[in-house]
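Notes for the structure review
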Amino acid sequence: MEEILEILEKDGRVAPEEIAKMLRKKPQEVKSAIRKYEKEGVILKYKAVINKDLVRSEDSSVRALIEVSIVPQKDAGFDRIAERIYSFPEVSSCYLISGTYDLLVIVEGRNIHTVSSFVAEKLSCLENVRGTTTHFLLKKYKEDGVILKHREENKRIAISY
Amino acid sequence: MKKNISKKVQSIQPSGIRAFFDLVLGMKDVISLGVGEPDFVTPWVVREAGIFSLEQGFTSYTSNKGLYKLRLGLHRYLKSRYGLDYSPDDEILITVGVSEGLDLVLRTLINPGDKIIIPQPSYVSYGPVTELAGGLPIYVDTTRDGFKLTPEKLEKAIDKKTKGIILNYPVNPTGESYRRKELEELKRIILRHNLICISDEVYGDLTYDFEHTPFPGLPGAKKNTVYLNGFSKSFAMTGWRVGFACGPQEIIAGMTKIHQYTIMCVPITSQMAAAEALVSGKRSTEEMKREYCRRREFVTEELNRMGLCCSKPQGAFYAFPSIKKSGLSSLEFSQKLLKEEKVAVVPGTAFGACGEGFIRISYASSMESLKEALLRIRKFLGDR
C-alpha cells in the first residue's frame, strides 16, 4: 500500500507537512496526493475510533450480527436486495459472504428492543429474505485492528545503551 | 574492603555518566529519547511460541551450542537473507545476546597485551570487555570522518601486537553504516595483516538507504571474521537475551568452551521463541523498519532545522547531532535539558571521549513522543 495511506490509516490526523517530512517529499506533493485519494474515493472519510464502553450516556448502543439468507434476484443477483438492506441507517456494515447464509448485516440500535423490532418489522418482511439469525454482541475486545483497552504505560527503562 | 577487589576490575572505569542516569531514573514524566531498544513489543506470534513451549513443558537445558532447531533456522536464514554459509553443526553458537558473544570472542582470541582496534564513538562495552579479557583497546577517533573508520586510520593504528578490530555497523550511537565498497577497503587491510574482524551487526536489518553487507560475505573475509548478531533489534526481543556468533570452526569451538563452563546454555524458552521469529517474524521486521525510517526522516529534518547539525543516519534508530553551538558540554546539555524540559538524551561522552559535543537521540519512540520531545528541545534552545 502507498506509504501515505499506511500513515493515515494509523492516524488520520497527521498533517500533510509532517507526512512530507517523514517521506522526504514536498508538502505540496503530499497534499495533492491526498486530495487525489479523496477524489477517487480511496480515502472515504476520517473519523475517531471511540471506545463506547467508556461513554456512559443515554445513547449507549447495542450491536447485533445478523445472518441473512436471501433469494437472489434475476439480473441483479444479490446486489439489489443488499442495497435495500444497507440503506437502512440502522445498518452499520453489510457484507456478502460465502457459506451457509448470504449477507452478514451488522446493526446498531439503542437497546435490544430497537434491534429486535428492526429485524422483525423491517428486515424479515423484505421480499426475498428467506430467514435471519440474530446474534447480540456481548463484549468487544478488538475492533478494526484496535485493541479496546487503555494503553498501558511503557515498560522500558528510561535509559539504556 | 577494596583490597578484596581484583586489580583488573578496579582498573575498569565505571561509566562517567552513571550519576546522570540515576537522575533520569529518579524523575517522573520524562520523555526519554535515551532508550537503546525498540519501542515495539515482541511480535505476538513470537511471544505465543514462548508461552506454548512453556505449556509443552520445555523447561530443560539445551545443548551448549543452543537448540539444533534454532541453529538450523539461523543457517537457513543467513543463507537466504545474505548468502552466508555457516554450518549449524560447528560454526554457529547461540549466546546470551551479542554482549555474551563479544565477551566470548575476546576471551577466546586475546593473549595478554594483544591490541584490539575500536573505532569511536562506540557502544559502551567494547573497551571494558577488551580490558577484562586482558587486551589493550586502541581507540580510533572517527568524528572527523563522518563517524566511519577510514582505511588510512585503520592502517595507522595497526602494529605487531594488533590482534583484531571490533567493527560495528550500523553504528550505535551514530546510526552511520558502511557501504560495500568501504568495507572492501577495510577488508583488504584486515586480511593483509591477518587480523580478526569482530563484526557486531546487530542493527544490520535496520539499514535504510542501501543493502546491508555482512562483513563475512565479502570475498575471502569469512575465515578472518567472527560475525555477531542477535534477535534484540530485528525482532524487538531485547529482554529475551538471544544472540548468535558465527565464525571459523576453531574460534567457535574455543568460544563454546568458555560458554559451556560459564553460561551452559541460553534459556530454552528464549531459544524456542527465537526459532519462531526466524520463521514468521519477517513481516514484523519489515513493518518496524518502515516505521523507523519515517521517524528518522522526521527527526533529522527537525534537528537540522533547529540548528542541531545532524547527518542522516543510515541505520539503527539513533541520531547523533552536534550540540556545539549551544556552548554547553554534552553532559551539561543533557542535564539542563532534563531539568528544564524533562527530555532525556544520552551525552555523547558515554560512547568515548571523542563523543564530546554530541548527544545521542533514540527515535525508537512513538511519533507523538518524538514530536513533543523535539518541541521541547526547540524551546530549550530558544531559551538561551
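Below is a summary of the structure that appears in this document. Predicted model only: the values in this text are computed from it and were never measured. (Residues numbered from 1 in each chain as written. Chains lettered and ligands numbered in written order. Predicted model: local features only at pLDDT ≥ 70, side-chain atom pairs only at ≥ 80, totals over all residues. Heavy atoms only, no water.)

**Brief notes about the overall build of chain A**
For chain A, the count of helices and strands is five helices and six strands. Of the regular secondary structure in chain A, the N- to C-terminal order runs α-α-α-β-α-β-β-α-β-β-β. Scaling as 2.2 N^0.38, a compact globule of 161 residues should have a C-alpha radius of gyration of about 15 Å, whereas chain A reaches 21 Å, well beyond that. Principal axes of the C-alpha set define a box for chain A whose edges measure 65 × 40 × 30 Å. In chain A, buried positions account for 30% of the 161 residues. Taking as baseline every contact in chain A between residues at least 6 positions apart, the subset at least 24 positions apart corresponds to 58%. Summing over all exposed atoms, chain A offers an accessible surface of approximately 11,700 Å²; the carbon and sulfur share of this is 51%. Treating the 28 positive side-chain charges of chain A as one cloud and the 26 negative ones as another, the clouds have centres 4 Å apart. (Helix = DSSP H or I, 4+ residues; strand = E, 2+ residues; numbered from the N terminus. Rg over C-alpha atoms; globule rule 2.2 N^0.38 Å. Buried < 20%, exposed > 50% of the residue type's maximum accessible area, 1.4 Å probe, protein only. Contact = heavy atoms within 4.5 Å. Areas by Shrake-Rupley, 256 points an atom, 1.4 Å probe, with all protein chains shown as cover. Lys, Arg positive; Asp, Glu negative; His and termini not counted. Charge placed at Lys NZ, Arg CZ, Asp CG, Glu CD.)

**Here we look at the sheet that holds strand 3 (residues 115-120) of chain B**
Across a sheet, paired strands are connected by hydrogen bonds in the backbone, their directions being either parallel or antiparallel. Residues and elements named next belong to chain B. Reading across the sheet, the seven strands line up as 2-8-7-6-5-3-4 and stay open at both edges, with mixed pairing between neighbours. For this open sheet the edge positions go to strand 2 (92-95) and strand 4 (136-141), each flanked by a neighbour on one side alone. Taken over all neighbouring pairs, the strand axes of this sheet differ in orientation by 20 degrees on average, direction set aside. Of the strand pairs in this sheet, strand 6 (residues 196-200) and strand 7 (residues 225-230) are connected by four bridges, and their pairing is parallel. Pairing of Ser199 across the sheet is with Tyr227, part of strand 7. Along the sheet, helix 4 (residues 68-82) makes contact with strand 2, strand 7 and strand 8 (243-246), crossing strand 2 at roughly 110 degrees. (Pairing = 2+ DSSP bridges. Axes fitted to C-alpha atoms, helices over the stretch in contact; angles between N-to-C directions.)

**Let's talk about the packing of helix 3 (residues 44-55) of chain B against helix 10 (residues 268-280) of chain B**
Two numbers describe a pair of packed helices, the interaxial angle and the distance between the axes. All names here are of chain B. Relative orientation of the contacting elements helix 3 and helix 10 amounts to 140 degrees, with a least axis distance of 8 Å. If you check the angle between helix 3 and helix 10, you find them oblique. Helix 10 is crossed by helix 3, and the crossing has right-handed handedness. Of the residues in helix 10, those in contact with Val45, Val46, Ala49, Gly50, Ser53 and Leu54 of helix 3 are Thr269, Met272, Ala273, Glu276, Ala277 and Ser280. Taken together, the residues of the contact of helix 3 with helix 10 sort by class into seven nonpolar, four polar and one charged. (Parallel < 35°, antiparallel > 145°, perpendicular 65-115°, else oblique. Left-handed = near helix turned anticlockwise from the far one by under 90°. Nonpolar A, V, L, I, M, F, W, Y, C, P; charged D, E, K, R; others polar.)

**Observations concerning the pairing of strand 2 of chain B**
Residues and elements named next belong to chain B. Taking every second residue as pointing to the same face, both faces of strand 2 are buried, with Ile92 and Ile94 on one and Leu93 and Thr95 on the other. Relative to strand 8, strand 2 runs antiparallel, the two being bridged by four bridges. Each residue of the ladder has a partner; that of Thr95, found in strand 8, is Gly243.

**Some remarks on helix 3 of chain B**
Residue and element names in this part refer to chain B. Counted at 1.5 Å a residue, the expected span for helix 3 with its twelve residues is 16 Å, and the 16 Å between its end C-alpha atoms agrees. Where the residues of helix 3 are buried, they touch helix 10. Downstream of helix 3 by a residue or two, Gly57 has a phi angle that is positive, lying close to 90 degrees. (Expected span 1.5 Å × (residues − 1).)

**Looking at unusual backbone geometry**
All names here are of chain B. Across the junction of Tyr169 and Pro170, the peptide omega takes the value -15 degrees, indicating a cis bond. Tracing the chain through its elements places Pro170 in the loop between strand 5 (162-168) and helix 8 (180-192). In this model, Asn194 sits at a positive phi of 50 degrees, which is unusual for a non-glycine residue. Position of Asn194 relative to the elements: it lies in the loop between helix 8 and strand 6.

**With respect to the interface of chain B and chain A**
Each side of the interface is counted separately: chain B has 36 residues, and chain A has 16 residues. Joining chain B to chain A, the criterion identifies seven salt bridges. Note that A:Lys21 is salt-bridged to B:Glu302, the shortest N-O span being 2.5 Å. Where chain B meets chain A, there are 15 residue pairs in polar contact (both at pLDDT 80 or more). Elements that contribute at least two residues to the side of chain B that touches chain A include exactly helix 2 (18-26), helix 11 (282-305) and helix 13 (367-382) of chain B. Here the side of chain B that touches chain A gets nine residues from one element, more than from any other, and that element is helix 11 of chain B. (Salt bridge = Lys/Arg side-chain N within 4 Å of Asp/Glu carboxyl O. Polar contact = N/O pair within 3.5 Å; in protein donor to acceptor, adjacent residues only side chain to side chain.)

**Brief notes about a nonpolar patch on the surface**
Residue and element names in this part refer to chain B. Residues Ile5, Val9 and Leu132 make up a contiguous nonpolar surface patch of about 240 Å² in total accessible area. Of note, Leu132 is situated in helix 6 (residues 126-132). Leu132 sits in the partly exposed class, given a relative accessible area of 41%. (Patch = residues over 30% accessible without salt bridge, like charges linked within 9 Å, V, L, I, M, F, W, Y side chains within 5 Å.)

**Considerations on empty space enclosed by the protein**
Residues and elements named next belong to chain B. The tally for this structure, following the rule as stated, stands at two cavities of 30 Å³ or more. Contributing to the lining of the largest cavity are 14 residues, with Pro119, Pro121, Asn168, Val171 and Tyr178 lying nearest its centre. A per-class count over the lining of the largest cavity returns eight nonpolar, six polar and no charged. What the second largest cavity holds in volume is close to 40 Å³. Around the second largest cavity, the lining residues are Tyr77, Asp205, Asn229, Gly230, Phe231, Ser234, Phe235, Phe244 and Leu278. (1 Å grid on protein atoms, 1.4 Å probe; cavity = no way out; pocket = protein on both sides within 12 Å on 5 of 7 lines; lining within 4 Å. Points joined across faces, edges and corners; volume = space filled by probe spheres on them.)

**Quick notes on the environment of A:Ile7**
By secondary structure assignment, the location of A:Ile7 is in helix 1 (residues 3-10). The class for A:Ile7 is buried, based on a relative accessible area of 5%. Counting along the chain gives 15 residues from A:Ile7 to A:Met22, while the straight-line C-alpha distance between them is 9.7 Å. Not counting residues within four places of it along the chain, the set of residues in contact with A:Ile7 comprises A:Val14, A:Ile19, A:Met22, A:Leu23 and B:Arg294.

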